[in-house]
Amino acid sequence: FLFQHINEINCCTQTISKSTKQKRHAPLSLQNRNQMIKKRNFHLLAFSLISFLATSKALAATTRFPSHLRATGLQQHLEGEQDQHEEFDICIVGGSIAGLALSIGLQTQFPNLSVALVEKRTFSKAGVVLGLAPNGQKALQELDQQDGKFLLQTILKKGQKIKGPKELNFRTMAVMVFWFELRDALLEHTKKLGGRLSIFTRMELQGMAQDSNKVALTFQDNEEHRTRTLSAKLVVGADGVHSTVRSLMGLPPAVKSDTTSIRGTIVLNNEESPASLRQLKGDIILSHNDATLYIITNENNKNFIAWALSSKTKNLPPNISSDDFIEKLLSLLGHDNNELTENLEIAATVLRATQRENILCTQNAVMDMSSSGSWGTPRHLSCVATLVGDAAHACRPTDGQGGNMALEDCVVFCRTLSKYYDSRNNQLLDMKQLVAHFEQNRLPRVKRIHEDQRVRAELSPEDWVPWTAEFTDWVHEGV
């Protein structure tokens, strides 16, 4: 359109100009000259208007969107200097597995709802592995009702099957995938889906309060170094075991154990990575006193090595970036002794090759589910919010069901939401009742699995027995 207007302007200008050169051209009549001037002015006005709109759109694409979200197809928001109050239908706090999976369910099943996904960190490669069991696989496939099979197959191709014991006929219990690869696959899928999802990173939740029929959430934007306010009709806390949403809802925190977990991932680069790491195969378990190190490789993805170290020591350096952090971990494994085994040397190479941004240090904790009738907003509070994943029911990692239960949460939430959503008018109905309905439906299954994990975690190695076939079938059947 711009080129058409430019051509018309040039033609009109040339005609008017030539009409004044009487020696070579016959002059235009006054009426024709005035018509030609009007035509030129019309095209000038049209050209200016279209140019203004095109320039505004281009500026919006480069200045409104956070740099990490540009050109992703997601709906994104103006980031000016002043504080802003941005409104959404649903705000998900926490951009890990549960938060991203729920985003996919909302994008595909409720595309007209506006959704904010807020993560306090950037998307690093910290974390170790997750066993995606059959119930978790079914949940992922149901969440994406546009292309769930493709999403699931994309993830499973990255994983490695884990077989059960002889008592369970060596059935496949799970597919082991690197945690960050599952997270990245979900993140890329949300971008592919597009829609009315907005992702914010490096924003830490500070406060939450009911404001009329919406919840006002105050965040500290660590990218812009200012306070931002978002509001939503419903808040879903997917922010992990040490959930800020849970705390602001007035719910008891997770009960901390005396064990600290340090997890890391190495991204192998053929030019820079030690040759011994590129040749590493299989898994290594190394124990010394109260410290245990697991080094995990994946035959289907040789570009990464993951490791996890657990210890009850209270003398770890408080800061991962401190110079002696890695050496302190190695000393827990006996590396400062005179006799160094081959596995201990491998452990030293692995830990020293891990970039600090890919290390995560947390104190293990679990939720007490023994007496809770629900895990959402206490009924004496008016704030409309609920929880999914570890924020709701963090459990012992005995059989790796934590992540799978988080995916089940998302499925049950979307099923429940469909009963409280007026698609014709794009309205959410009775959010408090939705929260109560969701939690009441979810709680019995969560409690049973949670208790099983607790009991089995307290067994001594000689007393440990695998699941029965009946219980395995029930768990893997999912929701």
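## Considerations on the pattern of salt bridges
Side-chain pairs of opposite charge can arise whenever the charged atoms involved come near each other.
(1) Moving on: A full pass over the atoms with the stated rule returns 17 salt bridges.
(2) Moving on: Measuring nitrogen to oxygen at the nearest pair gives 2.5 Å for the salt bridge that ties Glu451 to Arg454. Residue Glu451 and its partner Arg454 are both found in helix H13 (residues 431–457); the two are separated by three residues, about one turn of the helix.

## Some points on helix H10 (residues 342–353)
(1) Moving on: With 12 residues, H10 ought to run about 16 Å at 1.5 Å a step, and its terminal C-alpha atoms sit 17 Å apart, in line with that.
(2) Moving on: Listed in full, the buried residues belonging to H10 are Leu344, Ile346, Ala347, Ala348, Val350 and Leu351.
(3) Moving on: Looking at the buried side of H10, the elements it contacts are strand S10 (255–267), helix H8 (275–278), strand S11 (284–288), strand S12 (291–296), strand S13 (304–311) and helix H9 (325–332).

## Points about the sheet that holds strand S4 (residues 160–163)
Within a sheet, neighbouring strands are paired by backbone hydrogen bonds and run either parallel or antiparallel to one another.
(1) Moving on: Taken in spatial order, the three strands line up as S3-S5-S4 in an open sheet, and their pairing is antiparallel. On the outer flanks of this sheet lie strand S3 (129–132) and S4, each paired with one strand and no other. Between one strand axis and the next, the sheet turns through 35° on average, direction left out of account.
(2) Moving on: Here four bridges tie S4 to strand S5 (residues 172–178), and the two strands are oriented antiparallel to one another. Paired with Gln160 across the two strands is Met176, which belongs to S5.

## Examining unusual backbone geometry
(1) Moving on: In the Ramachandran plot, Arg202 falls in the positive-phi region, its phi being about 55° despite a non-glycine side chain.
(2) Moving on: With respect to the element layout, Arg202 can be found in the loop between strand S6 (197–201) and strand S7 (203–211).
(3) Moving on: Judged by relative accessible area, Arg202 falls into the partly exposed class, the value being 32%.
(4) Moving on: Its identity as a non-glycine residue notwithstanding, His225 has a phi of 55°, on the positive side.
(5) Moving on: Relative accessible area serves as the criterion here: at 66%, His225 is assigned to the exposed category.

## Things to note about the packing of helix H4 (residues 134–143) against helix H5 (residues 148–156)
(1) Moving on: Between H4 and H5, whose axes approach to 7 Å, the crossing angle comes to 140°. Judged by the inter-axis angle, H4 sits oblique to H5. As H4 runs across H5, the sense of the crossing is right-handed. For the pair H4 and H5, the contacting residues are Gln137, Leu140 and Gln141 in the first and Gly148, Lys149, Leu151, Leu152, Ile155 and Leu156 in the second.

## Section: helix H14 (residues 469–477)
(1) Moving on: The set of residues buried in H14 consists of Phe471, Thr472, Val475 and His476. Looking straight down H14, one finds its buried side chains confined to an arc of 125°; they lie on one side. Seen from the open side of H14, the exposed residues pointing more than 90 degrees away from its buried face are Glu470 and Glu477.
(2) Moving on: Contact partners of the buried residues in H14: H4, S5, helix H12 (402–418) and H13.
(3) Moving on: Looking one or two places after H14, you find Gly478, whose phi comes out positive at around 75°.

## Observations regarding the packing of aromatic side chains
(1) Moving on: Scanning all chains against the criterion turns up eight aromatic pairs.
(2) Moving on: Taking 6.2 Å as the distance between ring centres and 80° as the angle between the ring planes, the aromatic pair formed by Phe88 and Phe200 counts as edge-to-face. Of the two residues, Phe88 is situated in strand S1 (residues 85–93) and Phe200 in strand S6; the sequence distance between them amounts to 112 residues.
(3) Moving on: Ring centres of Trp467 and Phe471 lie 5.2 Å apart, and the angle between their planes is 75°; on these two criteria the pair is classed as edge-to-face.
(4) Moving on: On the basis of relative accessible area, Trp467 is assigned to the buried category, the value being 8%.
(5) Moving on: The structure contains a cluster of three or more aromatic residues connected by ring pairs, namely Phe178, Phe180 and Phe304.
(6) Moving on: Its end group placed over the ring of Trp474, Arg445 keeps NZ or CZ at 4.6 Å from the ring centre.

## Some details on the sheet that holds strand S14 (residues 359–366)
(1) Moving on: On the basis of which strands lie adjacent, the open sheet formed by five strands has the order S11-S12-S13-S10-S14 and antiparallel pairing. Because the sheet does not close on itself, it has two edges, and the strands there are S11 and S14. Neighbour-to-neighbour, the strand axes of this sheet turn through a mean angle of 20°, independent of strand direction.
(2) Moving on: Bridging between S11 and S12 involves five bridges; their strand directions are antiparallel. Of the residues in S12, the one forming a bridge with His288 is Ala291.

## A short note on the packing of H4 against H14
The geometry of a pair of packed helices is captured by two quantities: the angle between their axes and the separation between those axes.
(1) Moving on: Taken N-terminus to C-terminus, the directions of H4 and H14 make an angle of 15°; their axes are 6 Å apart at the nearest point. The orientation of H4 relative to H14 falls into the category roughly parallel. Each of Pro134, Asn135 and Lys138 in H4 lies in contact with H14, whose residues at this interface are Val475, His476 and Glu477.

## Let's talk about the confidence of the model for the chain
Close inspection of predicted coordinates is inappropriate in any region flagged by low pLDDT.
(1) Moving on: Predicted confidence across the chain gives a mean pLDDT of 80, with 75% of residues reaching 70 or more.
(2) Moving on: Segment residues 21–25: pLDDT under 50, and two contacts once partners within four positions in sequence are set aside and those in other chains are kept.
(3) Moving on: Overall, residues 58–82 carries pLDDT values under 50, and its contacts beyond four positions in sequence, including any with other chains, amount to 51 contacts.

Quick notes on the rules
- Residues numbered from 1 in each chain as written.
- Predicted model: local features only at pLDDT ≥ 70, side-chain atom pairs only at ≥ 80, totals over all residues.
- Heavy atoms only, no water.
- Salt bridge = Lys/Arg side-chain N within 4 Å of Asp/Glu carboxyl O.
- Helix = DSSP H or I, 4+ residues; strand = E, 2+ residues; numbered from the N terminus.
- Expected span 1.5 Å × (residues − 1).
- Buried < 20%, exposed > 50% of the residue type's maximum accessible area, 1.4 Å probe, protein only.
- Contact = heavy atoms within 4.5 Å.
- Pairing = 2+ DSSP bridges.
- Axes fitted to C-alpha atoms, helices over the stretch in contact; angles between N-to-C directions.
- Parallel < 35°, antiparallel > 145°, perpendicular 65-115°, else oblique.
- Left-handed = near helix turned anticlockwise from the far one by under 90°.
- Arc of directions from axis to C-beta.
- Phe/Tyr/Trp six-rings, centres within 6.5 Å; stacked < 30°, edge-to-face > 60°.
- Lys NZ or Arg CZ within 6 Å of the ring centre and 35° of its normal.
- pLDDT = per-residue confidence, 0-100.

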